[in-house]
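Take a look at the letters that make up each chain.
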Amino acid sequence: MSTIVDPHPMAALEQANAMRGFDAEFKNLDHYIRVITDRIWEGGRIEDIRRYYSDPCVVETPSSVSTSVQAVIDGTRATLAMFPDRRLLAEDVIQSGDAEGGFLSSHRIISPMTHLGDGMFGKATGRKLQVRTIADCVCKDNRITHEWLVRDQAAIALQIGTTPQALAQQWLNTRSAFNKPVAQPAPSYYQSHISSDSLAHGYAQAIEAYSRGQAPTASAYDDAVHHIGHGGITRYGHAEVGAYWTGLFSALNPHNFAVEHLAHQRGSGRADRVALRWRAHCSAVSDAFSASRAINTCSSSYEFKSNNEIELIGINHVEFHQGRVVREYVLIDEVALWMQILTPQTA
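It should be emphasised that the depicted structure is a prediction, and the values quoted were computed from it without experimental measurement.

Student: It is not clear to me how the overall build of the protein should be interpreted in this structure. Could you clarify?
Tutor: On a plain count of helices and strands, the protein comes out with ten helices and 14 strands. Of all intrachain contacts in the protein linking residues separated by at least 6 positions in sequence, the fraction that spans at least 24 positions is 67%. Of the roughly 15700 Å² of accessible surface on the protein, 50% is carried by carbon and sulfur atoms.

Student: What should I look at first to understand the pairing of strand β6 (residues 143-151) in this one?
Tutor: Both faces of the sheet carry side chains from a regular strand, because those side chains alternate between them. Burial analysis of β6 places eight of its nine residues in the buried class, the great majority of the element. Where strand β1 (residues 53-60) and β6 come together, four bridges link them in parallel fashion. Looking at the pairing, V58 lines up with H146 of β6. Bridge analysis of strand β5 (residues 128-140) against β6 gives eight bridges, and the strand direction is antiparallel. If you follow K140 over to β6, its bridge partner there is R143. As consecutive antiparallel partners, β5 and β6 are separated by two residues, and within that stretch D141 has a phi angle of approximately 50°, a positive value.

Student: Could you clarify how one ought to interpret the packing of aromatic side chains in this entry?
Tutor: Geometrically, a pair of aromatic rings is defined through the distance of the ring centres and the angle of the planes. One pass over the structure, following the stated rule, counts 13 aromatic pairs. With 5.0 Å between their ring centres and 90° between their planes, F26 and Y32 make a pair best called edge-to-face. Residue Y32 is classed as buried on the basis of its relative accessible area, which comes to 0%. Ring geometry for F257 against W278: centres 5.5 Å apart, planes inclined by 20°, an arrangement best described as stacked.

Student: Looking at this structure, how should I read unusual backbone geometry?
Tutor: Peptide bonds are, in most cases, trans, and in most cases residues other than glycine have a negative phi. Note that the residue after D55, namely P56, is joined by a cis bond; omega there is 10°. Note that P56 resides in strand β1. Although it is not a glycine, D141 sits at a positive phi angle of roughly 50°. Within the secondary structure, D141 sits in the loop between β5 and β6. If you check the backbone angles, Q322 has positive phi at about 50° while not being a glycine. If you trace the backbone, Q322 turns up in the loop between β13 (309-321) and β14 (324-331). Taking relative accessible area as the criterion, Q322 reaches 74% and is therefore assigned exposed.

Parameters at a glance
- Residues numbered from 1 in each chain as written.
- Predicted model: local features only at pLDDT ≥ 70, side-chain atom pairs only at ≥ 80, totals over all residues.
- Heavy atoms only, no water.
- Helix = DSSP H or I, 4+ residues; strand = E, 2+ residues; numbered from the N terminus.
- Contact = heavy atoms within 4.5 Å.
- Areas by Shrake-Rupley, 256 points an atom, 1.4 Å probe, with all protein chains shown as cover.
- Buried < 20%, exposed > 50% of the residue type's maximum accessible area, 1.4 Å probe, protein only.
- Pairing = 2+ DSSP bridges.
- Phe/Tyr/Trp six-rings, centres within 6.5 Å; stacked < 30°, edge-to-face > 60°.

Next comes the structure, spelled out in structure tokens:
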């Protein structure tokens, strides 16, 4: 009788232990994220947040920081009150880490929804929207223990008939100033993944080069690259994409750029994908400037003069073909950006 030898015994062992500490129903991290998102949001099981989030759990967005599971529940209820038919369609989950040190799921969602309830976006307009979100979640022992979340608030503003600048001013009128607390770090067992893979590393270097006012070679992007940016704006070709990055960073004058997370995922019958989370600290330009032309979500100019310190958090998802970027999703919260610009400098 012949003996069949497993050619990859360690791979089999790793697969068996991949979701250690998670409920047995979850096959892998991708499955876990998709299932719990569906249960909480589209299944209406909001109290399941207590089961799938730790308490405390730090959730950082570009404009806020919360620490309690109750804040996550309250935010979910408030969003559903405004957009009761919101769907969370998973476009991708790019993952890194492991069960022992904590996974990181970078979860990109597109949400068709209708503005049916009054709330932070003003009176209900009845308009149908499509809004993209990326959530970076640290996951361990069946719970999300830390989260960075960027939603395309500019897309919401534009689709309900206003502008990111006007919405930012509306929110400032209720706060008087932009005042975001410093977020506590992720749990000590989790170490953010920074991939050394050439594709991921090269892409992160290209974005960092733009932040320094340099233009990386066009070879980073395919000639027909498709870029989907904040505000739902679409650009095509490396010339348009390069102009976007150059315009954004020249408008905001970053003096510090940091890569916080960089993951490269292969397989599953898909193209190579990279998730990049970055943070830039900037000084807004101090001369009158057509900011919206640089930030690129509105057709009319919006001049400002501000020396405010600005924190910009971005999450990018990119796909590659033959070593070049063919699709790029970029999420920043432009409303949070404008709130920082428009905050009175005496505040």
